[in-house]
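Descriptive structure summary
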Amino acid sequence: MSARLQKGGRLINRSARMEFTFNGKKLSGLAGDTLASALLANDQLLVGRSFKYHRPRGIMASGPEEPNALVALGEGARFEPNQRVTTTELFDGLTSASQNHWPSLEFDIGAVNNKLARFLPAGFYYKTFIHPRSAWKHLFEPIIRRSAGLGKPPEEADADRYEYTYGHADILIAGGGIAGLQAALVAGASGAKVLLLEQTAHWGGRAPVDGDIIDGKPAEAWIAQALQTLGSMANVSFRARTMVSGVYDHGYVLAEERIADHTPGDGRPRKRLWRIRATKVIAATGALERPLSFAGNDIPGVMLASATRDYAVNFAVSPGERTVVVTNNDDAYRTAITLKEAGLEVTVVDARASTSGELPSRARAMGIRIETGRGIVKVKGGKRVTGVAIGLQAGEGGAVEEIACDAVAMSGGWSPVVHLWSHCGGKLIWDEARALFRPDATRPPLGEDGTAMVYPAGAANGALAAAEALSDAAAQAALAVEATGHKTGAAATASADVVEEGAMLPVWIMPASAGIDLKSKMWLDFQNDVKVSDVQLAAREGYVSVEHTKRYTTLGMATDQGKLSNINGLAVLADALGEQIPRVGTTTFRPPYAPVTIGALTGEARGNIFQPLRKTPMHDWHLAHGAYMEPVGLWQRPYTYPRAGETHDQAVNREVLNTRERLGLLDASTLGKILVKGPDAGKFLDMLYTNVMSNLGIGKCRYGLMCNEQGFLSDDGVVIRIAEDTWLCHTTSGGADRIHGWMEDWLQCEWWDWQVYTANLTEQYGQIAVVGPNARKLLEKLGGMDVSKEAIPFMTFKDGELAGFPVRVHRISFSGELSYEIAVPASHALAFWELLYAEGQALGLQTYGTEGLHVLRAEKGFIMIGDETDGTVIPQDLNLDWAISKKKEDFLGKRGQQRTFLAAKDRWKLVGFESLDGSVIPDGAYVIAAGTNEYGFRNSQGRITSTYHSPTLKRGIAMGLLKDGPARMGEVVEFTAMTGGVSVAAKVVDPVFYDKEGEKQNV
Amino acid sequence: MLILECPCCGVKAEETELAPGGEAHLKRFGPGSSDAEFETYMFARKNPKGVHFERWRHAYGCGKWFLAARDTATLEVFGTYPAQTTEPPAELIAKIQAKRPGWKGWK
Amino acid sequence: MSDPVSALQGAVAQGFARVEEIGPLGMITLRAKPGTEGLEAAIKAATGCDLPGARKITHQGAKSCGWMSNDEFLLVLPYADVAKALGAIAAALEGAHHLAVDVSDARAVFRVTGPEADQVLRKLTPADLDKVEADEIRRSRFAQVAAAFWPADGGYTLVCFRSVAGYVMGLLTHAAQSGSEI
């Protein structure tokens, strides 16, 4: 059984107990534990079930490479699935539960898949769930969905908060092991701005566990001293619990800081996403141990040798009382020695024919039994290891002996963590002697200046032993320093005692000539249940590319992204294909290195700061007066102001009628307002608008259209001329920023010699529309300026004062009523609005919203950008030829509109529609034409662009585009019904439904 | 995520502070141009693997458009320069030629 | 006429730094190219400030002049002084191509103060604060909106569009929460 040892444990505090639960079971651990070490200390070997076969799975590793031990952490608003117990720091009150099993972890019905494993080979899903097609939706998918998937999504909103921080560094160092620390010492001494990040809570990496001696001192002492030195450097900052998750273009680096994962609810943000710009990145990310592929290597109790050592040294936890260490290299002997020193039983099974290094000698001297030339034939046990059968590594699987044990520690050698090197395209080379891929210094990922962006250091660069890791890190850091333009300072390179190690023997299958019965129990990918036999089957079926094999077998596609399985898998594939490993190559490494919480990626963007909501000066007033708001771009605008008991439709009808009959008040502040000034401003506007603006009289207003270069209508609005060289262009609410950018684009990039300046004044003014027969009376009541028809005729404006407010009064109308649009400085707009509202009550004033505005304009046949236009409509389609100058040689869009298909006679053109039964034609409905098209769909000849109930006319009205429409007045056409029901018949009419002569607005 | 130095204000802006504007050095064809010329202006765009000239706007900064030359494959930036020009500066062309001997030129 | 009101009417949040919406504050956008005859005089007359170099901001008492672009300046002054300043600019730049316009009401202005005020900004803008000099105005992005800021007595002054004042206040308040010091 696994248990806490009586002595040792460099990271735990035996006097601080912490209570936690696993599947409801109350357990206790110690401060400093990870959830993994605490579970092991409680002999909780079984922690989950595998993805496909639901096989019992235990803890295999001690870091982010862990494939099996994923649990659901927390409850309610702090519930989070798929958390690795190996990277979860224990805290008092932690709750955890296993995943991917039903009904219970101990007894899982899905494990029947395990018995059927020979019927569930690689590509099983692809091969099986194809025919009949109908079965997919109703039979296969529901079953697969129920049994597949990892963990459950949280059901409550996250109780925690998250944030970003932007970091900037000359040199970013990922990894706080001895290589990272050495690199930081070198980089720090150069004066460069250095940021050192370590994913765990502890510095120094594996060195203290491995018992390295650095500069004559135990590693721990050297690490403490290095941190002290770095702490004294103002140009160096370092941060633990911060995992670099990805390196992106031009030195952009993302890192996730776990601030309060282990102290939930303490008021701090839970996580912080660092968005870092680094001139150079040093990847001191270490190496990961590889498993060995022997039958039963997934049974709980089988663990990486390095993890076994980590648990013993760091947490004083032994995964078993009797451990078999199985290895192809010397490093695993450190584990054997550690266990022996802790008073535990240990046997070493070494695949190599003989040993030569210091460590095996030391182990042998300690009395540890060592079996060379042997491998594990098979692990015995179900939910935990009970023993191993061993045999000749060179054999076919004949067992020569069974050794009773309750733990297996395996080591297949080490793989440098090359992810950060590879994210931006750094290439790898195969190091034959060490049987590992390491960064190829001649093909680095490149930065903005075309030089190397990432420098691998230490074990990540293939320099596995402490001594070589330190010198490599110092050398790589010096290169990075020089590349940033700094000079290397006086930083000493530490030296570690050299431990002579014998050569490792690449072992990809154990035993080497194992038959299919064993190979179908050798796991490569533990989380996704991919075995040696699956990869070999894929090769036999013709998969020669490692990328294809990955997807076919799902090797390396689980949430651990194949950190343990990739090299073993591709070695097996290479062997099956009769290829060399480097010729098969690796799959692509993509960020993130390990999963990042979505909350961290979201940062602050939640709740009321999810996205910017633009508010007019009257926003709060609208809310206080019951407005139902709708988004218009990022603006929030009142849709309508329903009264008690009113539906939105009823409220809109009331608002429209009241505006037509008495007086309406509209917040039109969102309207774009762009000032255009300069000697060439008139010439510029003549290019921008389809009609002429240069001849507009001062004090006058003119409606104008803007097209893109293809000739399609892009925006419209009223232009006013303020002075000889000054115009103010009103744009649509959603178009202000876009049109301002459009103007600047032409002024900066095409006509840069024209003397024109623009300024976006959209938010300088509140704009208020006073609309209806009583509009003039209200303004006269306020007093201050003459607002008579004579003083301010239709389509003119005047600057003045109303009730002491500085205003610009425009006589323009988007409703067909007598209408004043009044601009007032935004900081006075609310007060002016409130005054209008109060003074208007006696005149029957009611506010109206955007939907009322739409109905009013549709009754008048006024187009709306985005309704009547969709990027394929030219002004001519909307019968706006009157607003297109024939005289001007050029304007933006003119050439585009001359293309034959736009000049064709039979284009769909704007008309009005009146349903015969008075109903509202469904929005988006098409006008049906005879016959079907090449896809068998009904032909169409037009469509609805705006459709409303008109309270004024008490019937449905619509605008739309109809093939050759204006020539077809009076014709009855048929519309599709969006619901698939009865179609609607409607008469083609003039789109101006109300006050065709325009008498009401011009009074 | 790219960083480009704005030639107007000198800020080394990152991509989130910039707005892309497509290919640089297009010649506008208006009324009177042939269909082929207009098609070229409107639709024909280079898509090289290698040296490319682009329009960018320092949208969250000084608001100015500028032009940039970069390698679309390696993302190496050769240089940025003001938009008020019809062709890349000679020294930039020389720099690119030195770095990419086989380069066929910007046109 | 009413008294002018700023977008958030002086909202305040206190975390590890203090966030305060200030204003109304007078602001003028002045567009003219350096070298335009009368430009230096116009800025001097309106604010008393010197013509700032690229990315710099000059101050004179409570008035400032920030370089926004190679043909644009932001003049900051008391709200009540704007009309007079516009008159002075018009006089100084008479006959020269320029644009000067009151944008006081189109903006919201914040002060972020305290010894760790910089940290509030570091969470929101990709601009490198360590490279922003004491006499510099930096235009950049704050989360999802544009803003300009400059260092000023014990913190920073930050200007954004008025319509997003609530959003920016929300951002600054979130970033300044106690316990979230970097």
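Residues numbered from 1 in each chain as written. Chains lettered and ligands numbered in written order. Predicted model: local features only at pLDDT ≥ 70, side-chain atom pairs only at ≥ 80, totals over all residues. Heavy atoms only, no water.

This part covers the overall build of chain C. The helix and strand tally for chain C stands at four helices and 11 strands. Taken over C-alpha atoms, the radius of gyration comes to 16 Å for chain C, in line with the 16 Å a tight globule of 182 residues would show. A burial count over chain C gives 58% of its 182 residues as buried. For chain C, the proportion of contacts with a sequence separation of at least 24, taken over those separated by at least 6, is 60%. Mean positive and mean negative side-chain charge positions of chain C (17 and 21 charges, respectively) differ by 4 Å. (Helix = DSSP H or I, 4+ residues; strand = E, 2+ residues; numbered from the N terminus. Rg over C-alpha atoms; globule rule 2.2 N^0.38 Å. Buried < 20%, exposed > 50% of the residue type's maximum accessible area, 1.4 Å probe, protein only. Contact = heavy atoms within 4.5 Å. Lys, Arg positive; Asp, Glu negative; His and termini not counted. Charge placed at Lys NZ, Arg CZ, Asp CG, Glu CD.)

Time to look at the sheet that holds strand 2 (residues 13-22) of chain A. Residues and elements named next belong to chain A. Sheet architecture is open: five strands sit in the order 3-2-8-6-7, paired in mixed fashion. Where the open sheet ends on each side, the last strands, each with one partner, are strand 3 (25-31) and strand 7 (80-84). The sheet shows a mean angle of 40 degrees between the axes of neighbouring strands, taken without regard to direction. Two elements, strand 6 (residues 70-73) and strand 8 (residues 94-98), share three bridges in a ladder whose sense is antiparallel. Directly across from leucine 73, in strand 8, lies its bridge partner serine 96. (Pairing = 2+ DSSP bridges. Axes fitted to C-alpha atoms, helices over the stretch in contact; angles between N-to-C directions.)

Bringing the interface of chain A and chain C into the picture now. Counting residues at the interface gives 48 residues for chain A and 45 residues for chain C. When the buried area of chain A at its contact with chain C is split by residue, Tyr166(A), Tyr757(A) and Ser827(A) rank highest and sum to 21% of it. Taken together, the connections running from chain A to chain C amount to four salt bridges. Taken together, chain A and chain C are joined by 27 residue pairs in polar contact (both at pLDDT 80 or more). Mapped onto the side of chain A that touches chain C, the elements with two or more residues apiece are strand 9 (162-174), strand 16 (271-283), strand 36 (672-677), strand 40 (757-760), strand 43 (805-810) and helix 24 (826-840) of chain A. Counting residues per element, the side of chain A that touches chain C draws most heavily on strand 9 of chain A, which supplies six residues. Class assignment of the residues belonging to the side of chain A that touches chain C gives a composition of 24 nonpolar, 11 polar and 13 charged. (Buried area = accessible area lost by both parts, 1.4 Å probe. Salt bridge = Lys/Arg side-chain N within 4 Å of Asp/Glu carboxyl O. Polar contact = N/O pair within 3.5 Å; in protein donor to acceptor, adjacent residues only side chain to side chain. Nonpolar A, V, L, I, M, F, W, Y, C, P; charged D, E, K, R; others polar.)

To continue, consider the side chain of Asp431(A). All names here are of chain A. Looking at where aspartate 431 falls in the secondary structure, it is placed in strand 28 (residues 428-431). With relative accessibility at 12%, the residue aspartate 431 sits in the buried group. Here the side chain of aspartate 431 touches alanine 433 through a polar contact of 3.2 Å, landing on its backbone nitrogen. Only 3.1 Å separates the side chain of aspartate 431 from the side chain of arginine 438, close enough to count as a polar contact. For aspartate 431, the residues in contact, after removing those within four places along its chain, are Leu436 and Arg438.

Residues and elements named next belong to chain A. Counted by the stated rule, this structure contains 21 aromatic pairs over all chains. Taking 4.7 Å as the distance between ring centres and 10 degrees as the angle between the ring planes, the aromatic pair formed by tryptophan 751 and tryptophan 754 counts as stacked. Tryptophan 754 carries the same exposure label as tryptophan 751, and that label is buried. Here a set of aromatic residues connected by ring pairs shows up, and it is made of Phe684, Trp742, Trp746, Trp751 and Trp754. The ring of tryptophan 523 carries the charged tip of lysine 531 above its face, separated from the ring centre by 5.8 Å. (Phe/Tyr/Trp six-rings, centres within 6.5 Å; stacked < 30°, edge-to-face > 60°. Lys NZ or Arg CZ within 6 Å of the ring centre and 35° of its normal.)

All names here are of chain A. Per the counting criterion, the structure on display carries 82 salt bridges over all chains. In this structure, glutamate 371 engages arginine 369 in a salt bridge whose closest nitrogen and oxygen atoms are separated by 2.9 Å. The buried category is assigned to glutamate 371, whose relative accessible area is 17%. Of the residues examined, arginine 369 reaches a relative accessible area of 31% and is grouped as partly exposed. Residues glutamate 839 and lysine 781 are paired through a salt bridge, measuring 3.7 Å at the closest nitrogen-oxygen approach.

A negative phi angle characterises most non-glycine residues, just as the trans form characterises most peptide bonds. Residues and elements named next belong to chain A. Cis geometry marks the peptide bond from methionine 510 to proline 511; its omega dihedral reads -10 degrees. Its place among the elements puts proline 511 in the loop between helix 12 (466-483) and helix 13 (516-519). Of the consecutive residues proline 591 and proline 592, the connecting peptide bond is found in the cis state with omega at 0 degrees. Examined against the element boundaries, proline 592 turns out to sit in the loop between helix 17 (581-584) and helix 18 (598-602). With a phi angle near 50 degrees, asparagine 23 is a residue other than glycine that sits in the positive phi range. With respect to the helices and strands, the residue asparagine 23 is situated in the loop between strand 2 and strand 3. Classification of asparagine 23 as partly exposed rests on a relative accessible area of 38%. If you check the backbone angles, histidine 250 has positive phi at about 55 degrees while not being a glycine.

Accessible area lost when the parts come together is the quantity often used to give the size of an interface. The interface is formed by 31 residues belonging to chain A together with 32 residues belonging to chain B. Here chain A and chain B share an interface that buries about 2,600 Å² over both sides, 50% of which is from carbon and sulfur atoms. At the surface where chain A touches chain B, the tally comes to six salt bridges. Here chain A and chain B share 18 residue pairs in polar contact (both at pLDDT 80 or more) between them. Only strand 16, helix 22 (736-749) and helix 26 (894-897) of chain A provide two or more residues apiece to the side of chain A that touches chain B. In terms of residue class, the side of chain A that touches chain B is made up of nine nonpolar, eight polar and 14 charged.

All names here are of chain A. Relative to the elements of secondary structure, glycine 175 occurs in the loop between strand 9 and helix 5 (178-189). Considering only alpha carbons, one finds glycine 175 and glycine 664, 489 residues apart in sequence, at a separation of 66 Å. Excluding residues within four positions of it along the chain, glycine 175 makes contact with Gly180, Leu196, Leu197, Glu198 and Ala284.

All names here are of chain C. If you trace the five strands from one edge of the open sheet to the other, you get 4-5-6-3-7, paired in antiparallel fashion. Pairing within the sheet leaves two strands with one partner each, and these edge strands are strand 4 (57-60) and strand 7 (99-102). Taken pair by pair, the neighbouring strands of this sheet meet at an average axis angle of 20 degrees, ignoring direction. Two strands pair when backbone bridges link them, and strand 5 (residues 63-69) and strand 6 (residues 72-77) are joined in this way by five bridges, in the antiparallel orientation. Paired with glycine 66 across the two strands is leucine 74, which belongs to strand 6. On top of the sheet, helix 2 (residues 82-92) reaches strand 3 (26-31), strand 6 and strand 7; it is set at about 20 degrees to strand 3, its chief contact.

This paragraph deals with helix 4 (residues 165-175) of chain C. The buried fraction of helix 4 of chain C amounts to nine of the 11 residues, a majority that puts the element mostly inside the structure. Along helix 4 of chain C, the residues classified as buried are Ala165(C), Tyr167(C), Val168(C), Met169(C), Gly170(C), Leu171(C), Leu172(C), His174(C) and Ala175(C).

Where the model shows low pLDDT, its predicted coordinates should not be examined in detail. Within chain C, residue pLDDT values average 97, and 99% of them lie at 70 or more. This prediction of the complex comes with two scores: 0.95 for pTM and 0.98 for ipTM. (pLDDT = per-residue confidence, 0-100.)

Right, let's talk about the packing of helix 14 (residues 532-540) of chain A against helix 16 (residues 566-577) of chain A for a bit. Residues and elements named next belong to chain A. Their axes nearest at 9 Å, the elements helix 14 and helix 16 cross at an angle of 40 degrees. For the element pair helix 14 / helix 16, the angle class is oblique. The two elements helix 14 and helix 16 cross, and the hand of that crossing is right-handed. Counted together, Val532, Val535, Gln536 and Ala539 of helix 14 and Gly569, Val572, Leu573, Ala576 and Leu577 of helix 16 form the full contact between these two elements. Counted by class, the contact of helix 14 with helix 16 contains seven nonpolar, two polar and no charged residues. (Parallel < 35°, antiparallel > 145°, perpendicular 65-115°, else oblique. Left-handed = near helix turned anticlockwise from the far one by under 90°.)

This next bit is on helix 23 (residues 775-782) of chain A. All names here are of chain A. Within helix 23, burial applies to Ala775, Arg776, Leu778, Leu779 and Leu782. Down the axis of helix 23, the sector holding all buried residues measures 160 degrees, keeping them to one side. Buried residues along helix 23 sit against strand 35 (663-667), strand 41 (765-771), strand 42 (797-802), strand 44 (819-825), helix 24 and strand 45 (845-847). At the C-terminal side of helix 23, glycine 783 shows a positive phi close to 75 degrees. (Arc of directions from axis to C-beta.)

Let us look at the pairing of strand 28 of chain A. All names here are of chain A. For strand 28 and strand 29 (residues 436-439), the ladder comprises four bridges, and the chain directions are antiparallel. If you follow aspartate 431 over to strand 29, its bridge partner there is leucine 436. The turn linking strand 28 back onto strand 29 is made up of four residues, and alanine 435 within it adopts a positive phi angle of 50 degrees.

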